[in-house]
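Breakdown of the fold
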Amino acid sequence: MADRNGSDFGAFVSGLIIGGLVGAATALLLAPQSGEETRTLIREKSIELKDQVEHTTAEARARAERLAQEAKLKAEELQKRGQVILEEQKARIEKAVDTTKKRTTRKTTKKAKPASDEAAAT
């Protein structure tokens, strides 16, 4: 749903820009000026618009690069955190396995001793 809202906003901004350009061009063409003055105004406005687009594009690229860098750092941090958790769980499992082996060995040894004692007595 967030993707749809983003595309709706993009469509709105595109419509706003296009509408503004059409309105500005219409105003310039219908203004009571000579053709030379109108062409000069159109040229100046197009240069201004080009500069604004370049500025906005540069800002968007810089922001995208910043966001990409932040995402990369967070991914590395999560990877390190996951590695720590994995090592902790591995240590817990190894400890549990060792404890189980010791208990099993003790029980086996205790059961084996009475049988040896009986064999020695006979």
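Anything mentioned here points back to the structure above.
Let me sum up the structure you'll find in this document. Because the structure is a prediction, the values reported are computed rather than measured. (Residues numbered from 1 in each chain as written. Predicted model: local features only at pLDDT ≥ 70, side-chain atom pairs only at ≥ 80, totals over all residues. Heavy atoms only, no water.)

Let us now look at a nonpolar patch on the surface. On the surface, Phe9, Phe12 and Leu16 cluster together into a nonpolar patch covering about 370 Å² of accessible area. Within the secondary structure, Phe12 is located in helix α1 (residues 2-30). Since its relative accessible area comes to 53%, Phe12 is described here as exposed. (Patch = residues over 30% accessible without salt bridge, like charges linked within 9 Å, V, L, I, M, F, W, Y side chains within 5 Å. Areas by Shrake-Rupley, 256 points an atom, 1.4 Å probe, with all protein chains shown as cover. Salt bridge = Lys/Arg side-chain N within 4 Å of Asp/Glu carboxyl O. Helix = DSSP H or I, 4+ residues; strand = E, 2+ residues; numbered from the N terminus. Buried < 20%, exposed > 50% of the residue type's maximum accessible area, 1.4 Å probe, protein only.)

Moving on: a positive patch on the surface. On the surface, a cluster of positive charge is contributed by Lys102, Arg103, Arg106, Lys107, Lys110 and Lys111. Position of Arg103 among the secondary structure elements: in helix α2 (residues 35-121). The exposure class assigned to Arg103 is exposed, which follows from its relative accessible area of 53%. (Lys, Arg positive; Asp, Glu negative; His and termini not counted. Charge placed at Lys NZ, Arg CZ, Asp CG, Glu CD.)

We now examine the pattern of salt bridges. Two side chains of opposite charge can pair, provided their charged atoms sit close to one another. One pass over the structure, following the stated rule, counts three salt bridges. With its nearest N and O atoms 3.3 Å apart, the salt bridge here joins Arg39 to Glu36. Of the two residues, Arg39 and Glu36 both sit in helix α2, three residues apart, roughly one turn of that helix. We classify Glu36 as partly exposed; its relative accessible area is 48%. A salt bridge links Glu77 to Arg81; the shortest N-O distance between them is 2.5 Å. Taken as a pair, Glu77 and Arg81 lie in helix α2 at a separation of four residues, close to a single helical turn. Overall, the relative accessible area of 44% leaves Glu77 in the partly exposed class. Judged by its relative accessible area of 46%, Arg81 is partly exposed.

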